[in-house]
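Fold and contact review
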Amino acid sequence: MEGVEDKLFLCALCPNMCRFSCPVEEVAGTETSSPQGKALTSLLLLRGELPWTEENARPPYLCLDCQACKLFCPFDFDLPSLFHPVRVKAASKIHPPEVHSRLLRMREKGNPFGEPREKRVVGKGEVAYLPGCTAEMKEREVLLSTLRLLEGAGVGAVLLEGYCCGLPSFRAGDEKRAEELRGEVEGVLRSLGVGILLLSCPGCLEFLSGLEGIEVFHTSTFFLKLVEEGKMGLPRLSGRVTYHDPCSLGRKRGIFDPPRKLLKELGLEVVEPLKTRERAVCCGGGNPLEEARGVSRKRAKELAETAELTVTTCPTCKWALGREGLRVLDLSQVLEGRLG
């Protein structure tokens, strides 16, 4: 903890230039929503120099874990990892009401939406496909398009429904529940004996990569591989689209080009938004606070001003931006020939 506090102290004294890259700070515009303000509040809470109240516990949760601040950090700090110990303490003490609701939904229903669902393993094949909570419960067309594309390419896939990777619990500070959920996914994969795990959600990719003996793919890179191997044909399309980079796929994993390459192979013109690739703005969809909803609205407006149709590669980004009125499709839907 001493190392974390030292880093938070340095962050709290920094000129705070990264505040101009923080999407929450752009929307909220308060001292406590800036990276420096979040660091100072976190430090004082950890040191016991600030009382644990709902108000004081809010700033550490105002981080979207998008890592946009890292591009401007003179210390190359990973700020979300520095806020995480505070969230772990807050999860067992006191936290904002929106976080409380998420913690309960994850503990009782095993998904961030709090909706009932059963665990099911459907089909047979060499690939296990985990769509993730949002694709399964809010953006089911992404799941269905992916299954149809796999079938068309002759790839046998086992669909895992009702499983959560655990990342929503981890980000809320509930490490125990996160590990339980991650363990359930690993357990079913071991029982199936599959060597490939395919994911629609970049957040799942972030949290499940590193499983020993299992090759983990995001759908964008897996589909590009199938196209390059001649196993998947593409329809010919025309039109102008823009592409939204999900944080967990682009900035965190460096996967910028495969989705763009597939869109261009389809015949589409890809127009870049003002903030793109490493500087792309988070969709805000993974965070339950109201401030994050403001980030979604702002990003949706930016994308709508760039092109009539936005394509992304994250069901949560699609859901978060779509609920703000943006016309947005997942790459899997476009690969099936859909533009509307």
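The coordinates are above.
As a starting point, this report considers the structure included with it.

**Topic: the overall build of the chain**
For the chain, the helix and strand inventory stands at 16 helices and 9 strands. The globule rule puts the C-alpha radius of gyration for 340 residues at 20 Å, and the 20 Å found for the chain is close to it. Counting the 340 residues in the chain, one finds 57% classified as buried. Of all intrachain contacts in the chain linking residues separated by at least 6 positions in sequence, the fraction that spans at least 24 positions is 68%. With an accessible surface of roughly 14200 Å², the chain has 51% of that area assigned to carbon and sulfur atoms. When the 47 basic and 47 acidic side-chain charges of the chain are each reduced to a single mean position, those positions are 2 Å apart.

**Examining the state of the cysteines**
Each disulfide consists of one covalent bond between the sulfur atoms belonging to two cysteines. Scanning the model with the defined rule gives 0 disulfides in all. The thiol of Cys 201 is unpaired, and the distance to the nearest cysteine sulfur, on Cys 204, comes to 3.9 Å.

**Notes on the packing of aromatic side chains**
Enumeration according to the criterion identifies 4 aromatic pairs in this entry. For the ring pair Phe 113 and Trp 319, a centre distance of 5.4 Å and an interplane angle of 80° mean the geometry is edge-to-face. Placement of the pair is Phe 113 in the loop between helix H6 (97–109) and strand E1 (120–122) and Trp 319 in helix H15 (residues 315–322), with a sequence separation of 206 residues. Trp 319 carries the same exposure label as Phe 113, and that label is buried. Between Phe 170 and Phe 207 the ring centres are 5.4 Å apart and the planes differ by 50°, which places this aromatic pair in the tilted class. Of this pair, Phe 170 sits in helix H9 (residues 167–172) while Phe 207 sits in helix H11 (residues 202–208), placing them 37 residues apart in sequence. For Phe 170, a relative accessible area of 29% puts it in the partly exposed group.

**Concerning the nonpolar core**
Among the nonpolar cores identified, the biggest contains 54 residues, and Leu 189, Leu 197, Leu 208 and Leu 263 are the most heavily contacted of them. Counting residues in hydrophobic clusters, the runner-up holds 17 residues, among them Cys 22, Leu 62, Ala 68 and Val 295.

**A few points about the pattern of salt bridges**
Side chains that differ in sign of charge can pair as their charged atoms come close. By the definition in use, this model includes 38 salt bridges. Linking Glu 161 and Arg 120 is a salt bridge whose minimum nitrogen-to-oxygen distance equals 2.4 Å. Here Glu 161 is found in strand E3 (residues 157–161), whereas its partner Arg 120 is found in strand E1, with 41 residues between them in sequence. You can call Arg 120 partly exposed: its relative accessible area is 43%. Note that Arg 148 and Glu 336 form a salt bridge whose closest N and O atoms lie 2.7 Å from each other. Residue Arg 148 is located in helix H8 (residues 140–152), and its partner Glu 336 is located in the segment after helix H16 (331–335); the two are separated by 188 residues in the primary sequence.

**Points about the sheet that holds strand E9 (residues 328–330)**
Sheet architecture is open: 4 strands sit in the order E7-E6-E8-E9, paired in parallel fashion. With one partner strand each, in any of the chains shown, strand E7 (269–271) and E9 form the two edges of the open sheet. The average undirected angle you get between the axes of adjacent strands in this sheet is 40°. Alignment of strand E6 (residues 240–244) against E7, held across 3 bridges, turns out to be parallel. In the strand pairing of E7, Arg 240 is matched with Glu 269. Taken strand by strand, helix H13 (residues 257–265) contacts E6, E7 and strand E8 (309–312), and its axis lies near 170° from that of E6.

**Here's the deal with H15**
H15 sits mainly inside the fold: 7 of its 8 residues count as buried. Regarding H15, the residues found buried are Pro 315, Thr 316, Cys 317, Lys 318, Trp 319, Ala 320 and Leu 321.

**Side note on the packing of helix H3 (residues 35–46) against helix H4 (residues 54–61)**
Here H3 crosses H4 at 125°, and the two axes come no closer than 8 Å. Considering the angle they form, H3 stands oblique to H4. Relative to H4, the crossing made by H3 is left-handed. In contact with Lys 38, Thr 41, Ser 42 and Leu 45 of H3, H4 contributes Asn 56, Ala 57, Pro 59 and Pro 60. A per-class count over the contact of H3 with H4 returns 4 nonpolar, 3 polar and 1 charged.

Analysis parameters
Residues numbered from 1 in each chain as written. Predicted model: local features only at pLDDT ≥ 70, side-chain atom pairs only at ≥ 80, totals over all residues. Heavy atoms only, no water. Helix = DSSP H or I, 4+ residues; strand = E, 2+ residues; numbered from the N terminus. Rg over C-alpha atoms; globule rule 2.2 N^0.38 Å. Buried < 20%, exposed > 50% of the residue type's maximum accessible area, 1.4 Å probe, protein only. Contact = heavy atoms within 4.5 Å. Areas by Shrake-Rupley, 256 points an atom, 1.4 Å probe, with all protein chains shown as cover. Lys, Arg positive; Asp, Glu negative; His and termini not counted. Charge placed at Lys NZ, Arg CZ, Asp CG, Glu CD. Disulfide = S-S within 2.5 Å. Phe/Tyr/Trp six-rings, centres within 6.5 Å; stacked < 30°, edge-to-face > 60°. Core = buried A, V, L, I, M, F, W, Y, C linked by side-chain atoms within 4.5 Å. Salt bridge = Lys/Arg side-chain N within 4 Å of Asp/Glu carboxyl O. Pairing = 2+ DSSP bridges. Axes fitted to C-alpha atoms, helices over the stretch in contact; angles between N-to-C directions. Parallel < 35°, antiparallel > 145°, perpendicular 65-115°, else oblique. Left-handed = near helix turned anticlockwise from the far one by under 90°. Nonpolar A, V, L, I, M, F, W, Y, C, P; charged D, E, K, R; others polar.

Keep in mind that these numbers describe shape and distance, not what the molecule does.
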